[in-house]
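Coordinate analysis (summary)
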Amino acid sequence: MSAEVVRDRSPLGWPVWVGVAALGAVSLAVVALKRGETINALWLVTAAVAVHLIAFRFYATFVADRVLGVDPARVTPAHRHNDGLDYVPTDKWVLFGHHFAAIAGAGPLVGPVLAAQMGYLPGTLWLLAGVVFAGAVQDFVVLFASTRRDGRSLGDMIKTELGPIPGVVASFGILMIMIILLAVLALIVVKALAGSPWGTFTVFATIPIAILMGIWGRFVRPGRIGEMSAIGIVLLVASIVFGRDVAHSPMLAPLFTYKGEALALILIGYGFVASVLPVWLLLAPRDYLSTFLKIGTIVGLALGIVWVRPELQMPAITRFVDGTGPVFSGNLFPFLFITIACGAISGFHSLISSGTTPKMVENEGQLRLIGYGAMLMESFVGVMAMVAASVLDPGVYFAMNTAPAILGTTVQSAAAAIANWGFVVSPDMLADMARQVGETTILSRAGGAPTLAVGMAQILSSAIGGQAMMAFWYHFAILFEALFILTTVDAGTRVARFMIQDLVGTAFPAFKQTKSWGANLVATAVAVAAWGWFLYQGVVDPLGGINTLWPLFGIANQMLAAIALAFCTVVLFKMKRQRHAWVTIVPLVWLVVCTLTAGWQKLFDERPAVGFLAQADRFARAAAEGKLLAPAKSAEQMAQVVLNNRIDAGLTALFMVVVIAMLGFGLRAIVKAAAADGITTKEVGDGVPDLRSHAA
Amino acid sequence: MACRICGLTLPDGGEIGRFVGRTARLMVGVPDYDTYVAHRRDRHPEEPVMDRAAFFRDAQDRRYGGGTKGVFRCC
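No experiment lies behind these values; they were computed from the predicted model shown.

Cut-offs applied
Residues numbered from 1 in each chain as written. Chains lettered and ligands numbered in written order. Predicted model: local features only at pLDDT ≥ 70, side-chain atom pairs only at ≥ 80, totals over all residues. Helix = DSSP H or I, 4+ residues; strand = E, 2+ residues; numbered from the N terminus. Rg over C-alpha atoms; globule rule 2.2 N^0.38 Å. Buried ≥ 20, exposed ≤ 12 C-beta atoms within 10 Å, placed from the backbone. Contact = placed C-beta atoms within 7 Å. Expected span 1.5 Å × (residues − 1). Bend = angle between axes of the 7 residues up to and from the residue. Core = buried A, V, L, I, M, F, W, Y, C linked by C-beta atoms within 7 Å. Axes fitted to C-alpha atoms, helices over the stretch in contact; angles between N-to-C directions. Parallel < 35°, antiparallel > 145°, perpendicular 65-115°, else oblique. Left-handed = near helix turned anticlockwise from the far one by under 90°. Nonpolar A, V, L, I, M, F, W, Y, C, P; charged D, E, K, R; others polar. pLDDT = per-residue confidence, 0-100.

Let's talk about the overall build of chain A
Tallying secondary structure elements over chain A gives 28 helices and 0 strands in all. Its C-alpha atoms give chain A a radius of gyration of 25 Å, near enough to 26 Å, the size a compact globule of 696 residues would have. Along the three orthogonal principal directions, the C-alpha set of chain A runs to about 75 × 65 × 60 Å. By residue count, 58% of the 696 residues in chain A fall in the buried class. Contacts in chain A between residues at least 24 apart in sequence constitute 80% of all its contacts with a sequence separation of at least 6.

Examining the overall build of chain B
Along its length, chain B carries 3 helices and 0 strands. Secondary structure elements of chain B, listed N to C terminal, follow the sequence α-α-α. Burial analysis of chain B (75 residues in total) assigns 32% to the buried set.

Digging into helix α11 (residues 225-248) of chain A
Residue and element names in this part refer to chain A. If you check α11, its first and last C-alpha atoms are 35 Å apart, about what 24 residues at 1.5 Å a residue would give, namely 34 Å. The largest bend along α11 reaches roughly 30° and is located at phenylalanine 242. Of the residues making up α11, those classed as buried are Ile225, Met228, Ser229, Gly232, Leu236, Ser239, Ile240, Gly243, Val246 and Ala247.

Regarding the nonpolar core
Residue and element names in this part refer to chain A. Within the largest apolar cluster, 251 residues are counted, with the highest numbers of intra-cluster contacts made by Ala183, Ala186, Ala399, Leu430 and Phe567. Ranked by residues supplied to this core, first place goes to helix α22 (residues 470-505) with 22 residues. Excluding residues within four positions of it along the chain, phenylalanine 567 makes contact with Leu154, Met157, Ile158, Glu161 and Leu162. In terms of nonpolar packing, the next biggest core, distinct from the first, is built from 8 residues, Phe619, Met638, Val642 and Ala649 among them.

Quick look at helix α1 (residues 13-27) of chain B
Between its terminal C-alpha atoms α1 of chain B stretches 21 Å, which fits the 21 Å expected from 15 residues at 1.5 Å a residue. Arg22, Thr23, Ala24, Arg25, Leu26 and Met27 of chain B are the residues of α1 of chain B that are buried. Looking at the buried side of α1 of chain B, the elements it contacts are α5 (92-103), α11 and α13 (283-308) of chain A. Of the residues one or two after α1 of chain B, glycine 29 of chain B is the one with positive phi, at around 85°.

A few points about the packing of helix α6 (residues 107-115) of chain A against helix α16 (residues 367-390) of chain A
Residue and element names in this part refer to chain A. Between α6 and α16, whose axes approach to 8 Å, the crossing angle comes to 40°. In terms of orientation, α6 and α16 fall into the oblique class. Viewed along their axes, α6 and α16 form a crossing whose handedness is right-handed. Across the interface between the two elements, Pro108, Leu109, Gly111, Pro112 and Val113 of α6 pack against Glu378, Val381, Gly382, Ala385, Met386 and Ala389 of α16. Partitioned by chemical class, the residues of the contact of α6 with α16 number 8 nonpolar, 2 polar and 1 charged.

Comments concerning the confidence of the model for chain B
Segments scoring low in pLDDT should not have their predicted coordinates read at a detailed level. Summing up the model confidence of chain B, the mean pLDDT is 82 and the portion of residues at 70 or higher is 73%. The ipTM, which scores confidence in the relative placement of chains, is 0.87 for this predicted complex, and the corresponding pTM is 0.93.

What about the environment of aspartate 65 of chain A?
All names here are of chain A. Here aspartate 65 is to be found in helix α3 (residues 41-68). Note on aspartate 65: 18 C-beta atoms within 10 Å, which makes it partly exposed. Note: C-alpha distance between aspartate 65 and leucine 503 (438 residues apart in sequence) is 40 Å.

Some remarks on the environment of arginine 646 of chain A
Looking at the element boundaries, arginine 646 of chain A is found in helix α27 (residues 635-675). Here the alpha-carbon distance between arginine 646 of chain A and phenylalanine 612 of chain A, two residues 34 residues apart in the chain, equals 6.7 Å.

Looking at the interface of chain A and chain B
Each partner contributes to the interface: chain A provides 43 residues, whereas chain B provides 29 residues. Mapped onto the side of chain A that touches chain B, the elements with two or more residues apiece are α5, α6, α9 (164-193), α13, α15 (348-353) and α22 of chain A. By residue number, the principal contributor to the side of chain A that touches chain B is α22 of chain A, which donates 8 residues.

Concerning the confidence of the model for chain A
Averaged over every residue, the pLDDT of chain A is 91; the share at 70 or more is 97%. A low-confidence stretch, residues 687-696 of chain A (pLDDT under 50), is modelled with 13 contacts involving residues beyond four sequence positions or located in other chains.

What about unusual backbone geometry?
Residues and elements named next belong to chain A. Going from phenylalanine 333 to proline 334, the amide bond is cis rather than trans, its omega being 5°. Note that proline 334 resides in helix α14 (residues 332-340). In this model, aspartate 150 sits at a positive phi of 60°, which is unusual for a non-glycine residue. With respect to the element layout, aspartate 150 can be found in the loop between α7 (120-147) and α8 (154-162). In the Ramachandran plot, arginine 309 falls in the positive-phi region, its phi being about 45° despite a non-glycine side chain. Among the secondary structure elements, arginine 309 is positioned in the loop between α13 and α14.

Written out as structure tokens, the structure reads:
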């Protein structure tokens, strides 16, 4: 039935597709095989576009028609519940934009930048293979499942298809993952702003700017989003320009110069205040700014790469595939995959795909474009981030991403340390780069954001403005990342607060009163304290924080994806479509193997840089002998490092237990579904009335 | 307006502008007001219709207002 309706999908004939395939094959060959000299970034971009197009045309169509059996004749929730507000049949391209804006965040920009330490090749290959066979499939299938269930959330669907206990386990897992995510994102901002008055000033300036926009959109010209956003963007650009004067002013600069610890405390306080303010005052307007700036920057970066056609300075593969790299610790398998995470497959998208998007789908035939297609775009953003990191001189890249304990604090010591790894960089070059981007130093600015910012500044300033504009573009990129991270911190704290109220409310119903200020403040404080604690420990971490927290975040994110894919597999079995269930089983098995291996190594690896328990032991032993290990400066701090690492270990173990439990629940449901005579899936809707009798 | 070379009908500037506007507004969670008004007239002719400002406030409240499904993105 569905095969007939979808035949008109490809307006292009076979000769065009043969051409795309040939172009893709040649580009991939250049990317993969050329050694010893630099290659142009366009090869990488061309290879990515060709792979995405072919996957969309062929594999996604296969998943839609054969695996899922999408049915364009079936009435979608947008039509059935049309209320002109939440449920609205929406043009597929408008909805594509909505969905892409909802899934695109800081993740796909940061992960590939960190992964570049192993060279551009391994990361790029995973960004492409991962999205085609794992990430886009997950987004698509979850969107499909939710569209067939009135747009219900992943947690809800797990509850009805797998049972109430799996539902609670999954919800608890999601809360834990959010806490880690908020901490690591906040840490990225701290790392980018520490000791940078220019950056700190512009980020602080976004608060009054957003409040002005909020008042404008609420009282002066209600609902004029275009106007308020234009005002906001003009003021933001002005704040970037004025930031240079602030940084050079002996009076103003100290007001905006903070160490990491102080910034962490400021951010924690800010998170608390921001998340209890009315949404129209700060959260909503800043969300508008960050959304439009994000889309604009992504488009700008794509145009910039095509216009400038930069050479990739990073080797295809570096020596750090052996796991000794300074940016993140651990071997290529599994840690490259854990590090890249979002650009290839992100568990968070399963929450978005079962959020507002399924309520607006006009026709099931469009699910492929929105679910699969938007994720391909996300992977493309990841490839661009990889390009931005790889156009930097490798020496500069490693200087920016290595902890001070290894580099020392001067450009001389840093250049010497990097030369030991076989990358040539002169102290002058490092000092020059810092001067060009308007900072006092670029050493040890881990976290991905500053590296991406320098890479973007190099590309964009080659296109517009030349070297004179480099500092502007650098601070523009920092601001753009900080802006949407702060929006996430604010919104995420609210969501975590409601989750906590929900969870605690099951025991103490009074706590569920979201109108009660007491319960709200307590739950908000708990949420902020939870991520704030991990943030602060990241700031004082001996390995630089990102090195510790990013893998924890990656493991958590990929485990959520495993939970979503397990759910998708159960649904396929319940639909009696298990002949094609390998489409979700293959990525599921990969994710489980990858995350459990990573989790195991984070727990028990003997290298202190990799294993949390080994690191805890190292500090405990030193403390017992009365010694101090950097960066701890006192016995209390030594004890703190030991405790932090043990808590990280406990959290890792918890994530592993959650995913193993969910696998068990999934398996049980699959066995039951396979044994049942008919279709047992619990879809809703009027398209398939005969299914309902089986479901009962 | 039809293209002189290939004969295809291309969208005019106004159409493109409206499309971009609608996409941009939905990106930040504000649905199309005209669609909403048309829907209310069609299906609930005797019930009141929110004005633009109230519609905007309502959209904001529903997007950020509460529950465990607020806007939350990472990657």
